[in-house]
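Each chain is listed here by its residues.
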Amino acid sequence: MWRRSFSTATNASTALKEKKWDALVIGAGHNGLTAAAYLAGSGLSVAVIERRHVIGGAAVTEELIPGFKFSRCSYLQSLLRPSLIKELELGRHGLKLLKRSPSSFTPCLDGSYLLLGPDRELNHSEISKFSVNDANAYHRYEKQLESFCKLMDPLLDSPPPETAQNGASFNDRLKGKLRKWAFWASFMRQALSLGQKDLVDFMELLLSPASKVLNKWFETDVLKATLATDAVIGSTASVHTPGSGYVLLHHVMGETDGERGIWSYVEGGMGSVSSAIANAARESGAHIVTSAEVSQLMIKDSGTVNGVLLADGTEVLSPIVLSNATPYKTFLELVPNNTLPDDFTRALKYSDYSSATTKINLAVDKLPQFQCCKLNHPDAGPQHVGTIHIGSESMEEIDLACQDAVNGVPSRRPVIEMTIPSVLDKTISPPGKHVINLFVQYTPYKPSDGSWGDSAYRESFAQKCFSLIEEYAPGFSSSIIGYDMLTPPDLEREIGLTGGNIFHGAMGLDSLFLMRPVKGWSSYRTPLQGLYLCGSGTHPGGGVMGAPGRNAAHVVLQDVEKP
């Protein structure tokens, strides 16, 4: 699947040093591959350098247990930009999306449950079991979020209108001003078309805690909790944290085949997203190498990039380098000391990379049987198709789990999102057996009551998660063949996610748009000429979107085309 990549650092080094490249990309995560595809498609010679033996970054498929292929980190697709899918012809390059309907299942210990999905009649029927008022309000809620997403779409697919930095030529400053005026004029026209009431509602959503937003709309605990998980996923925030409403919106921005808010599995696992983008990049001439680690950026005395130095001492030359690593990794570990402005370094050093996320991937010999469904047969039902919310029966339950982490310990009753992609994807597990993903919160990077480096401590937490699932699906633990667990330090070490943060940095309102990664440098350019960022630490943020890679490539091409 990942053809033409090299299996050893020696081979990679030999191939890379044979010529001076037009552009280098550090990291073969999906954003780095996206940037490479667009740059190579514009005629540049491009090399992508990946530290691991496999491409994909966090969007990766790995066969860790024989016969079971895990989406080891990211596990669902919806945010990948439609423009990217179309322009890179990812369908032709092997991307196959498997829609989920229903898309959500929340079991309750009292024997009730809630199913939700793209079927409006199903949603109304399911929510009516708890509240007719909520059932009637739900469609209006979805329509409002959809209108807000349409407002955000142009922001996602274009670089922020950053002010030209000191030293820019008169022509560059003029072009920058014209782009800014055009950007803001277009945005204001679209914003005003919403009308004042919707604009105020939009601002409320951006600034408010998710709990306030959801309490305004609904009265049913299990419905509010199910929706609230999107507002806290991947963060250290509570449902009561101001600004968590935006993260709620961020996770409904995507679409599958033109259908808004529809999340899907990817046939072959999330590595197939990266593989399809890599195939598009290679078709355009990009060169992708694995098992080659960049140890340092090479910077001339003039403050311009000259290439990268590999861990084996090989110098790879290029006047343009795009980093798909986190901003912290890029500037505080790969850039030589005393190269960057002090205020820039200080801002990066104190950016929020905290994480409370653990990912557990399991191989099981049978599907979990949920007590509330009153079913006792091995076949998959609607409850197995979508995301299964465990330990999320009320927003208070989610908040209590968060408060444990605030106090330095893993949640006593973790918030778990369970998915079983093998129900729809028959390519990732042996017949009759299944792959299960558990996305677990909240787990501090450095727990105060133990260490993730202690195997007994790790096992104890994993068993706590399995026992919680067992409360809803008796017999679950006995079905486990084996599992792989990535705690925040594991995500940092294995995947390169600073602090274990899956978004390359917190998604708070103080870290978005013109302030991502830091104020004054939101346009993918950096204080070092020729060095660009192209990962999730830039606008518009985390998730398997591809927008940072695509936007960064367009900025590079603008700069390359300057007279």
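Note that the structure is a prediction, hence the values are computed from the model and not measured. (Residues numbered from 1 in each chain as written. Predicted model: local features only at pLDDT ≥ 70, side-chain atom pairs only at ≥ 80, totals over all residues. Heavy atoms only, no water.)

Undergrad: In this structure, what is going on with the sheet that holds strand S1 (residues 23-26)? I would like to understand it.
TA: Hydrogen bonding along the main chain pairs the strands of a sheet, whether they run parallel or antiparallel. The 5 strands lie next to each other as S11-S2-S1-S15-S21, forming an open sheet whose pairing is parallel. The sheet is open, and its two borders are formed by strand S11 (287-289) and strand S21 (531-533), each paired with just one other strand. Taking each pair of neighbouring strands and ignoring which way they run, the sheet shows an average axis angle of 20 degrees. Summarising the sheet, strand S2 (residues 46-49) and S11 pair through 3 bridges and their orientation is parallel. Note that in S11 the partner of Ile-49 across the bridge is Val-289. Most of the contacts of helix H12 (residues 327-334) go to S21, to which it runs at about 150 degrees, and overall it touches S1, strand S15 (321-323) and S21. (Pairing = 2+ DSSP bridges. Helix = DSSP H or I, 4+ residues; strand = E, 2+ residues; numbered from the N terminus. Axes fitted to C-alpha atoms, helices over the stretch in contact; angles between N-to-C directions. Contact = heavy atoms within 4.5 Å.)

Undergrad: Even after reading the chapter, I still don't get the packing of aromatic side chains, so can you show me in this structure?
TA: To describe a pair of aromatic rings, one takes the distance between the centres and the angle between the planes. Considering all chains together, one arrives at 20 aromatic pairs under this definition. When the ring of Tyr-141 is compared with that of Phe-218, the centres are 5.2 Å apart and the planes differ by 70 degrees; the resulting orientation is edge-to-face. On the criterion of sequence distance, the pair formed by Tyr-141 in helix H5 (residues 132-156) and Phe-218 in the loop between helix H8 (210-217) and helix H9 (221-232) is long-range, its members being 77 residues apart. Assigned by exposure class, Tyr-141 and Phe-218 land together as buried. A connected cluster of aromatic rings, assembled from ring pairs, spans Tyr-138, Tyr-141, Trp-217 and Phe-218. A cation over a ring is seen here: Lys-19 above Trp-21, with NZ or CZ 4.3 Å from the ring centre. A cation sits over an aromatic face here: Arg-100 above Tyr-265, 5.2 Å from the ring centre. (Phe/Tyr/Trp six-rings, centres within 6.5 Å; stacked < 30°, edge-to-face > 60°. Buried < 20%, exposed > 50% of the residue type's maximum accessible area, 1.4 Å probe, protein only. Lys NZ or Arg CZ within 6 Å of the ring centre and 35° of its normal.)

Undergrad: Help me understand the pattern of salt bridges in this model?
TA: Oppositely charged side chains may form a pair once their charged atoms are brought near each other. Summed over all chains, the structure comprises 24 salt bridges. Arg-52 is paired through a salt bridge with Glu-62; the nearest N and O atoms lie 3.1 Å apart. Taken together, the residues span a long stretch of sequence, with Arg-52 in the loop between S2 and strand S3 (61-65) and Glu-62 in strand S3 at a distance of 10 residues. The same class applies to Arg-52 as to Glu-62, namely buried. Within this structure, Arg-52, Glu-62, Arg-72, Asp-484 and Glu-494 form a network of salt bridges that share partners. (Salt bridge = Lys/Arg side-chain N within 4 Å of Asp/Glu carboxyl O.)

Undergrad: What's the story with unusual backbone geometry in this structure? I'm lost.
TA: Apart from glycine, the bulk of residues carry a negative phi angle, and the bulk of peptide bonds sit in the trans form. With an omega dihedral of 10 degrees, the bond running from Gln-441 to Tyr-442 counts as a cis peptide bond. Assignment of secondary structure puts Tyr-442 in the loop between strand S19 (434-441) and helix H16 (455-472). Following His-539, the chain continues to Pro-540 via a peptide bond in cis, the omega torsion being 5 degrees. Inspection of the secondary structure puts Pro-540 in the loop between S21 and helix H18 (547-560). A positive phi angle, close to 55 degrees, is found at Ser-291, a residue other than glycine. Considering the arrangement of structural elements, one finds Ser-291 in the loop between S11 and strand S12 (294-299). Positioned with a positive phi, Tyr-524 is a non-glycine residue whose angle comes to about 80 degrees.

Undergrad: Looking at this model, I keep getting lost on the side chain of Ser-355. Mind explaining?
TA: Among the structural elements, Ser-355 can be located in the loop between helix H13 (342-349) and strand S16 (357-364). For Ser-355, the side chain forms a polar contact with the main-chain nitrogen of Thr-357, separated by 3.3 Å. Within polar-contact distance, the side chain of Ser-355 engages the backbone oxygen of Gly-500 at 2.9 Å. Beyond its immediate sequence surroundings of up to four residues, Ser-355 is in contact with Thr-236, Thr-443, Pro-444, Tyr-445, Pro-488, Gly-499, Gly-500 and Asn-501. (Polar contact = N/O pair within 3.5 Å; in protein donor to acceptor, adjacent residues only side chain to side chain.)

Undergrad: When you look at the sheet that holds strand S14 (residues 315-317) in this model, what are you seeing that I'm missing?
TA: The strand order S12-S13-S14 describes an open sheet built from 3 strands, whose pairing is antiparallel. Edge positions in the sheet fall to S12 and S14, since each of these pairs with one other strand and no more. When the angles between neighbouring strand axes are averaged without regard to direction, this sheet yields 25 degrees. Pairing of strand S13 (residues 305-310) with S14, which is carried by 3 bridges, proceeds in the antiparallel orientation. In the strand pairing of S14, Val-308 is matched with Val-316.

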